[in-house]
Amino acid sequence: MMNGYDKAEALAFIVKRIHAKDHPDLADMIESLISQAIDADMDYMHKEGVLDAEGNAGDEYYEDDDAFEHMVETIVANNDLTPEQAVKVAALVDDYMDHQQAYLESKGLCDWE
């Protein structure tokens, strides 16, 4: 995890802003999928050197497209989703990324940008 990042707080912040009506086929799974997106996002940042082992800013830059792809692929694989569901997860992850950025900014955790 990122230093200063509270996953439970971030999850509540993000889920509150994602509307089930925008993701009707995933409505009953939104909180679980967002939790998985957070984990996959942190995994991406550690693997790519955006965050170091201690959760501090690393030497690499966050690449939105690569992170997005990693999150979607991870969620789809972990939940054995169909290609149709993968498209819907991609839309949810896109929303997640916007709200995650808002959360990070609200906590002053965007120093690596």
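These numbers were taken from a predicted model, which means no experiment stands behind them. (Residues numbered from 1 in each chain as written. Predicted model: local features only at pLDDT ≥ 70, side-chain atom pairs only at ≥ 80, totals over all residues. Heavy atoms only, no water.)

### What about the overall build of the chain?
Consideration 1: A tally of regular secondary structure across the chain gives four helices and zero strands.
Consideration 2: Secondary structure of the chain in N-to-C order comes out as α-α-α-α.
Consideration 3: Taken against the 2.2 N^0.38 rule, which gives 13 Å for 113 residues, the C-alpha radius of gyration of the chain at 14 Å falls within 12% of a compact globule.
Consideration 4: With the C-alpha coordinates aligned to their principal axes, the bounding extent of the chain is approximately 35 × 25 × 20 Å. (Helix = DSSP H or I, 4+ residues; strand = E, 2+ residues; numbered from the N terminus. Rg over C-alpha atoms; globule rule 2.2 N^0.38 Å.)

### Thoughts on the pattern of salt bridges
Consideration 1: Across all of its chains, the model carries five salt bridges by this definition.
Consideration 2: Between Asp-22 and Lys-21 there is a salt bridge; the shortest N-O distance is 3.3 Å. (Salt bridge = Lys/Arg side-chain N within 4 Å of Asp/Glu carboxyl O.)

### Observations regarding the nonpolar core
Consideration 1: Tyr-5, Ile-34, Ile-38 and Met-71 are the most contacted members of the largest nonpolar core, which has 37 residues in total.
Consideration 2: Of all the secondary-structure elements, those providing two or more residues to this core are helix H1 (7–17), helix H2 (30–47), helix H3 (64–79) and helix H4 (83–106).
Consideration 3: Contact partners of Ile-34, with chain neighbours within four places excluded, come to Leu-11, Ile-14, Val-15, Ile-18, Leu-92 and Tyr-96. (Core = buried A, V, L, I, M, F, W, Y, C linked by side-chain atoms within 4.5 Å. Buried < 20%, exposed > 50% of the residue type's maximum accessible area, 1.4 Å probe, protein only. Contact = heavy atoms within 4.5 Å.)

### Considerations on the packing of aromatic side chains
Consideration 1: In this structure the tally under the stated criterion is three aromatic pairs.
Consideration 2: Ring centres 5.5 Å apart and planes at 90° place the aromatic pair Tyr-44 and Tyr-62 in the edge-to-face group. Taken together, the residues Tyr-44 in helix H2 and Tyr-62 in the loop between H2 and H3 connect sequence positions 18 residues apart.
Consideration 3: For Tyr-44, a relative accessible area of 5% puts it in the buried group.
Consideration 4: The rings of Tyr-5, Phe-13 and Tyr-103 are connected pair by pair, giving a single aromatic cluster.
Consideration 5: The positively charged end of Arg-17 is found above the aromatic ring belonging to Phe-13, 3.5 Å away from the centroid. (Phe/Tyr/Trp six-rings, centres within 6.5 Å; stacked < 30°, edge-to-face > 60°. Lys NZ or Arg CZ within 6 Å of the ring centre and 35° of its normal.)

### As for H4
Consideration 1: Along its 24 residues, H4 runs 34 Å from first to last C-alpha, staying within 8% of the 34 Å computed at 1.5 Å per residue.
Consideration 2: Taken as a whole, H4 has its buried residues at Ala-86, Val-89, Ala-90, Leu-92, Val-93, Tyr-96, Met-97, His-99, Gln-100, Tyr-103 and Leu-104.
Consideration 3: Check the buried side of H4 and you find it contacts H1, H2 and H3.
Consideration 4: Backbone geometry just downstream of H4 places Gly-108 in the positive-phi region, at approximately 65°. (Expected span 1.5 Å × (residues − 1).)

### Observations concerning the packing of H2 against H4
When two helices pack together, their arrangement is given by the angle between their axes and by how far apart the axes lie.
Consideration 1: Packing of H2 against H4 brings their axes to within 10 Å, and their N-to-C directions diverge by 65°. The orientation of H2 relative to H4 falls into the category roughly perpendicular. The way H2 lies across H4 gives a crossing that is right-handed. Between H2 and H4, the contacting residues are Ile-30, Leu-33, Ile-34, Ala-37, Ile-38, Asp-41 and Met-42 on the first element and Val-89, Leu-92, Tyr-96 and Gln-100 on the second.
Consideration 2: Of the residues contributing to the contact of H2 with H4, the split by class is nine nonpolar, one polar and one charged. (Axes fitted to C-alpha atoms, helices over the stretch in contact; angles between N-to-C directions. Parallel < 35°, antiparallel > 145°, perpendicular 65-115°, else oblique. Left-handed = near helix turned anticlockwise from the far one by under 90°. Nonpolar A, V, L, I, M, F, W, Y, C, P; charged D, E, K, R; others polar.)

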